[in-house]
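Close look at the chain arrangement
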Amino acid sequence: MSSSPGWSSARRPEVMDEVFTAAEIEAARVMFARPAEFLMGAAQIDQLPAPDLPEIAFAGRSNVGKSSLINGLVNRSGLARSSSEPGRTREVNFFVLDGRLRLVDLPGYGFARASRGETKRFQNLARDYLRGRPNLRRVFLLIDARHGLKPPDAEAMEAFDLAAVSYEVVLTKSDKIKPAQAEAERLRTEAAIAKRPAAFPRALAVSAVTAAGLELLRAEAARAAFD
């Protein structure tokens, strides 16, 4: 797929410790301000939509704030439905942005209030999606900035590495801790993933509440999807 204007793979000057130009950040902002809508939820692998658009997926523990982050990225409070009960997302949910990009909300892992068999079923659905989706450009693995990487997250990264799926760690809820703590956790995370074969070398700290870091996450998603 050809690159979009503003997302060239040429060398870029650093902006806020990331390698994005102001034009790239603005192009991503404009794109994520375009209409976004819920497409469908797939409960089985044969229900997935045709792989005809690039996809960016979001994974993480059930209480990490995936829905809030997706809503924050597109600046729509009700697009992805969040729940006070962790583990309610049991399908692979697809959202279409501007008719050009799909955002994919994967079932959360950990804390799911379901039978063991049902939990295994929707977690296997997520694994099957990761292994067989040729248009998947990147997975953003969401980690609570207050707690850092935990054993279930390491298991998820093992699955991504095994499937050779490019993934990038995003530290959510960074507004809940001091900026210096968030930066220290970001650096610890980058060090922890440095030798993982499918991990993207950068980690981002964001907040869906204050919108901190969302402009960089939008630019990262746009580059991954269209470069």
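The paragraphs below set out a description of the structure included in this document. (Residues numbered from 1 in each chain as written. Predicted model: local features only at pLDDT ≥ 70, side-chain atom pairs only at ≥ 80, totals over all residues. Heavy atoms only, no water.)

1. Comments concerning the overall build of the protein chain
Looking only at helices and strands, one finds 6 helices and 7 strands in the protein chain. Starting at the N terminus and walking to the C terminus, you meet the elements of the protein chain as α-β-β-α-β-β-α-β-α-β-α-β-α. Relative to its full complement of 227 residues, the protein chain shows a buried share of 50%. When contacts within the protein chain are restricted to residue pairs at least 6 apart in sequence, long-range pairs at least 24 apart make up 73% of them. (Helix = DSSP H or I, 4+ residues; strand = E, 2+ residues; numbered from the N terminus. Buried < 20%, exposed > 50% of the residue type's maximum accessible area, 1.4 Å probe, protein only. Contact = heavy atoms within 4.5 Å.)

2. Looking at unusual backbone geometry
In this model, Asp98 sits at a positive phi of 60°, which is unusual for a non-glycine residue. Looking at the secondary structure, you find Asp98 in the loop between β3 (92-97) and β4 (101-105). Owing to a relative accessible area of 28%, Asp98 belongs among the partly exposed residues under this scheme. Phi is positive for Lys173, close to 60°, though the residue is something other than glycine. Mapped onto the elements of the fold, Lys173 is located in the loop between β6 (167-172) and α5 (179-193). Residue class for Lys173 comes out partly exposed when judged on its relative accessible area of 23%.

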